[in-house]
Amino acid sequence: MATPLTADQLVRALRAEGLTVIEVPGWRQNNRNHKGDWGPLHGVMLHHTVTPKTMSAVSMCFNGSGDLPGPLCHGVIRRDGTVHLVGYGRANHAGSGDPAVLQAVIKENYGSRPPATRHHQGSKGAVDGNPHFWGFECENEGDGVDPWPAVQVEAMVRASAALCRAQGWTEKSTIGHLEWSDWKSDPKGPDNVVSMPSLRTRIATRLTHPANWTPGTTPKPPAPKPTTPAGDTMPPRLTWLTRAEDLTLIPGSPLTLYWTSEPSDGPGQHGDGGSTFLQGALYTIELDLEFSGLDGNEYLSVRTLNLPAAGGTPVPGGSVEVDGRGDGTSLVKRTLTLTGRVTADSRLAIEVTTQGATATLEYARVQGLSWAL
Ligand SMILES: [Zn+2]
């Protein structure tokens, strides 16, 4: 049992897990709280949308479909792995299900699957799941043939893990709609990628790591000291990372930037949504930022964070303020030069916070040189 996260906590938890989160305007007030309870929360439920590849399911899930009013979930996970928040509060997604499943989720005491559901649609004894589950609708045709992109499945794992982590649950608090209601089939896939036992295994693995973990990476052993001949100097390394998707920045809510592209050396471990980039180095880098939404008296504060590799409290660098511009709509472009040192047992990240109003970060890039310590 858990108190629902606030909307801000929900956004923070998802972003901390490295997800690209898009806040659909009005999502915080979009709910069905006037129709029934919201909370206590017991778990996370995954669904598929049954929508064609060419269609965005975001507005359908915000507004509703047919005679089912929206929101139809809290977040839509698109095929590209982005998470679009469409509702906060009670949502029409879980519907009625088996009380034995609810108990198994609350106790987190089942094996690879919760007990088989026995309550058919409309039967007495079924329990309303809408107060008790966070819901994600995942774009897929739902025919068992339509493939699930790896980036989307990874986002499903991360979104579920983010909520389990923030609410204090294990992976067993995440179930599929098909495990709740025996006439449902979602999420359904052509192979094992979206079977709930396999998703739960991945969520469990993720929960053993910090929120910003990138699968396939393990904490690096301490790097051996480079043995540089006296009088020789190590050549500098180039860092070049960008992100181009819009990010909504909420006033007073710090956001660690994560990088989606690494042009300097192709696909690498820094360009896949991770937020940290330099370790054990002296650096001088330029940070380009493009953002909109701030008036002239509002500003973006930017600072570096040294994140200890072993976990623990990040050590912030000095904060720099970038002013907004008169009408609050036009794009502001600024380049900041950041110079510093990051020790061998920590990694560098960049944190931005808006002061005054919600802003949209449209583009960010770090580019510069570093020298191994
Ligand atoms: Zn469903």
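It should be emphasised that the depicted structure is a prediction, and the values quoted were computed from it without experimental measurement.

Parameters at a glance
Residues numbered from 1 in each chain as written. Predicted model: local features only at pLDDT ≥ 70, side-chain atom pairs only at ≥ 80, totals over all residues. Heavy atoms only, no water. Helix = DSSP H or I, 4+ residues; strand = E, 2+ residues; numbered from the N terminus. Rg over C-alpha atoms; globule rule 2.2 N^0.38 Å. Buried < 20%, exposed > 50% of the residue type's maximum accessible area, 1.4 Å probe, protein only. Contact = heavy atoms within 4.5 Å. Areas by Shrake-Rupley, 256 points an atom, 1.4 Å probe, with all protein chains shown as cover. Lys, Arg positive; Asp, Glu negative; His and termini not counted. Charge placed at Lys NZ, Arg CZ, Asp CG, Glu CD. Donors = N, O, S within 2.8 Å, 3.2 Å for Na, K, Ca; no water. Core = buried A, V, L, I, M, F, W, Y, C linked by side-chain atoms within 4.5 Å. Salt bridge = Lys/Arg side-chain N within 4 Å of Asp/Glu carboxyl O. Domains from an automatic or database assignment. Polar contact = N/O pair within 3.5 Å; in protein donor to acceptor, adjacent residues only side chain to side chain. Nonpolar A, V, L, I, M, F, W, Y, C, P; charged D, E, K, R; others polar. Pairing = 2+ DSSP bridges. Axes fitted to C-alpha atoms, helices over the stretch in contact; angles between N-to-C directions. Disulfide = S-S within 2.5 Å.

1. Some details on the overall build of the protein
Looking only at helices and strands, the protein has six helices and 19 strands in total. In summary, the protein has a C-alpha radius of gyration of 22 Å against a globular reference of 21 Å for 373 residues, a match within 12%. For the protein, the spread of C-alpha atoms along the three principal axes comes to 80 × 50 × 35 Å. Residue burial in the protein is summarised as follows: out of 373 residues, 51% are buried. For the protein, contacts bridging at least 24 residues in sequence account for 76% of all contacts bridging at least 6. Split by element, the accessible area of the protein, about 16400 Å² in all, is 54% carbon and sulfur. Positive and negative side-chain charges in the protein, numbering 32 and 37 respectively, have mean positions lying 5 Å apart.

2. Notes on the coordination of the zinc ion
Within the protein, the zinc ion binds to His47 (ND1), His177 (ND1) and Asp186 (OD); these donor distances fall in the range 2.0 to 2.1 Å. In primary-sequence terms, the residues that donate to the zinc ion follow H-x129-H-x8-D. Per residue, the accessibility class of His177 equals that of Asp186, and both read buried.

3. Things to note about the nonpolar core
With 47 residues, the main nonpolar core has Leu14, Trp134 and Phe136 as its most contacted residues. For this core, the secondary-structure elements that each account for two or more residues are helix H1 (7-16), strand S2 (43-48), helix H2 (58-63), strand S5 (75-77), strand S6 (83-85), strand S9 (133-138), helix H4 (150-167) and helix H6 (196-207). With nine residues, the single largest contributor to this core is H4. Core analysis: the next-biggest nonpolar cluster, separate from the first, contains 30 residues, Leu257, Leu300, Val342 and Ala359 among them.

4. Brief notes about the side chain of Arg15
One can find Arg15 in helix H1. The buried charged residue Arg15 lacks any salt bridge partner; its closest oppositely charged side chain belongs to Glu23, at an N-O distance of 4.1 Å. Not counting the four nearest positions on each side in its chain, Arg15 is found in contact with Val21, Glu23, Leu247, Thr248, Ile250, Leu255 and Tyr258.

5. A look at the domain arrangement of the protein
You can read the domains of the protein as domain 1 (7-207) and domain 2 (237-372). Using only C-alpha atoms to locate each centre, domain 1 and domain 2 end up separated by 31 Å. Facing the eleven residues of domain 1 at the interface are nine residues of domain 2. Along the contact surface separating domain 1 from domain 2 lie zero salt bridges. Put simply, domain 1 and domain 2 have one residue pair in polar contact (both at pLDDT 80 or more) between them. Mapped by element, the contributors of at least two residues to the side of domain 1 that touches domain 2 are H1 and strand S1 (21-23). No other element matches the four residues that H1 contributes to the side of domain 1 that touches domain 2. Looking at the side of domain 1 that touches domain 2 residue by residue, the classes come out as four nonpolar, two polar and five charged.

6. Things to note about the sheet that holds S2
For sheets, the rule is that strands pair by backbone hydrogen bonds, running either parallel or antiparallel. Pairing within the open sheet is mixed, and its six strands lie in the order S1-S6-S5-S9-S2-S10. The open sheet has two edge strands, S1 and strand S10 (174-176), and neither has a second partner. Pairwise comparison of adjacent strand axes, ignoring direction, gives a mean angle of 25° for this sheet. Where S5 and S6 come together, three bridges link them in antiparallel fashion. Note on S6: the bridge partner recorded for Gly75 is Leu85.

7. Thoughts on the state of the cysteines
Per the stated rule, a full pass over the model turns up zero disulfides. Counting only cysteine sulfurs, Cys61 is the nearest neighbor of Cys73, a cysteine outside any disulfide, at a range of 4.2 Å.

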